[in-house]
Amino acid sequence: MIHEREDNKQEGEEEEDAQECRMILPALKPPDQKVSVWKVIKDAVGKDLSRFCVPVYFNEPISMLQKVSEIMEYEQLLVNACRPENAQNSIKRILYVSSFAIAQYKCSDHRTNKPFNPILGETFEFLTPQFKYFSEQVCHHPPISACYANSDCYEFWMNTNMKTQFWGKSLEVKPLGYQHVRLHVPMPDGSKKVEHYIVERVSSSVNNLIFGEMYVEHTGVMTVKNLSNGDTCQVEFKKRGWSGKGAYEVEGSAFNAANPSVKQAKIWGKWTETLSIQFQGQPEELIWTANPLPPQSASMYHFTYFTLQLNFLPPQLVNKLPPTDSRLRPDQRALECGDLVKASDEKARLEDKQRKMRKERETQGREYQSKYFEEYFDEESGEKGYRYGIRDYWQDRNKGEFSHLEEIF
């Protein structure tokens, strides 16, 4: 849930900017509702999912821009990494960064519906007392969302470039590129040490698409590296065995650059429940516990309390958002309210409008230019990345200056 920590006030912000919370969606979905996957899967085998349109009843009522922001539910772990007692313990810091990278998968448990594909130029903001988060859809083919979040003690950025394919019985997603974390660690002398971490993520899959109960799985080795001092943490996401053995389990070790072959500490647990750490010769320490789910989560697409806030549109927020914000999408708003007919009609209308806008750009011989993120070459990953800073979204918001944004809905 969204905790009450006041540490990210910025000049020009008002108290009412902090979003109020809701506890339930406007319309509940029958938890046992079944959909015929086979009739669309047979046309999608071996194809890139990013270019395949699915019926609206396969969607959940949030955009991919909003789904990516779920990463921030456990941002407190990055705050914990920067606590004064961890200032002289770089291994403890990388364990907290690693736990943040693991805990972000919790929101995927039982989430078998697909978020709406963002429209090119679509944006999403999420402002809390703890942090600011902003994202933009910067590319359509392949679909790429770029995001940037910051608080007093950390920065986080990434993009969603990925490879997706249907394999008949499963859907596989392989992330391309890294997540980035920059910690601003307070030191005893009053200065701040800045550390840059990169996270190489594991592959994800949705299994049993045709027969049996669908489930989400993450497998492989996640590598977290502190580029500032060479510390590393490698975490194995174990593959589910027969009868569910090993499901959700993770286990890893942290190493420092001075002794790269000697394990300094271990981390283990389940990405759905808890994570613990232990240094050599010391007692184990529980550092993360998953937040409880809403009582009717199964009827709300298995959303967490945090996710319930992402498409919430209280009256005081309406006039502060740009016309491109995901909350203003009529198709996912209709789905959230239980109107599948309107959601399907609006989804088709928006897709047609996007095609016409793309054709118009091609006719005029111009390429789309993102408004807040610039493309650059990421030397760490060797791949294209997106960096926030073409202009300041929050300054535009405070001034109500969004004339440079297109009408996309």
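Here the structure is a predicted model, which means the values were calculated and not measured.

Enquirer: Whenever I open this one, the overall build of the protein chain confuses me. Can you help?
Expert: The helix and strand inventory of the protein chain stands at nine helices and 19 strands. Out of the 409 residues belonging to the protein chain, those deemed buried represent 54%. In the protein chain, once contacts between residues fewer than 6 apart in sequence are set aside, the share between residues at least 24 apart is 60%. Carbon and sulfur atoms make up 50% of the accessible area of the protein chain, which amounts to about 18800 Å² in all.

Enquirer: Would you mind going over the pattern of salt bridges with me for this structure?
Expert: Side-chain pairs of opposite charge can arise whenever the charged atoms involved come near each other. Applying the stated rule across the entire model yields 20 salt bridges. Linking Glu285 and Lys92 is a salt bridge whose minimum nitrogen-to-oxygen distance equals 3.4 Å. Within this pair, whereas Glu285 is found in strand β17 (residues 285–289), its partner Lys92 is found in helix α4 (residues 90–103), the two being separated by 193 residues in sequence. When its relative accessible area of 31% is taken as the criterion, Glu285 is described as partly exposed. Exposure remark for Lys92: the relative accessible area of 12% places this residue in the buried category. Across the pair Asp352 and Lys356 runs a salt bridge whose closest N-O atoms are separated by 3.3 Å. With a gap of four residues between them, Asp352 and Lys356 both fall in helix α8 (residues 340–364), about one helical turn apart. Here Asp352 falls in the partly exposed class, since its relative accessible area comes to 32%. A relative accessible area of 54% means that Lys356 is categorised as exposed. Sharing partners across several salt bridges, the network here consists of Glu60, Lys67, Glu70 and Arg111.

Enquirer: So what exactly am I meant to see when it comes to the pairing of strand β12 (residues 215–226) here?
Expert: When a strand is regular, its side chains alternate between the sheet's two faces. As paired strands, strand β10 (residues 192–200) and β12 are joined by four bridges and run antiparallel to one another. Bridge pairing in β12 places Tyr197 opposite Asn226. Here five bridges tie strand β11 (residues 203–207) to β12, and the two strands are oriented antiparallel to one another. Across the sheet, the residue bridging to Ser203 is Thr219, located in β12.

Enquirer: How do you make sense of a nonpolar patch on the surface when you look at a structure like this?
Expert: Side chains of Met23, Ile24 and Leu28 sit close together on the surface and give an oily, nonpolar patch of about 260 Å² of accessible area. Mapped onto the elements, Ile24 comes out in the segment before α1 (38–41).

Enquirer: What is the right way to read α8 from this model?
Expert: In this model α8 runs 36 Å from its N-terminal to its C-terminal C-alpha over 25 residues, within 8% of the 36 Å that 1.5 Å per residue would give. The set of residues buried in α8 consists of Ala343, Glu346, Lys347, Leu350, Gln354, Met357 and Arg361. Looking at the buried side of α8, the elements it contacts are β1 (59–63), β2 (114–116) and α7 (330–336). Taken from the residues just after α8, Gly365 is the one with a positive phi, measuring 70 degrees.

Procedures and definitions
- Residues numbered from 1 in each chain as written.
- Predicted model: local features only at pLDDT ≥ 70, side-chain atom pairs only at ≥ 80, totals over all residues.
- Heavy atoms only, no water.
- Helix = DSSP H or I, 4+ residues; strand = E, 2+ residues; numbered from the N terminus.
- Buried < 20%, exposed > 50% of the residue type's maximum accessible area, 1.4 Å probe, protein only.
- Contact = heavy atoms within 4.5 Å.
- Areas by Shrake-Rupley, 256 points an atom, 1.4 Å probe, with all protein chains shown as cover.
- Salt bridge = Lys/Arg side-chain N within 4 Å of Asp/Glu carboxyl O.
- Pairing = 2+ DSSP bridges.
- Patch = residues over 30% accessible without salt bridge, like charges linked within 9 Å, V, L, I, M, F, W, Y side chains within 5 Å.
- Expected span 1.5 Å × (residues − 1).

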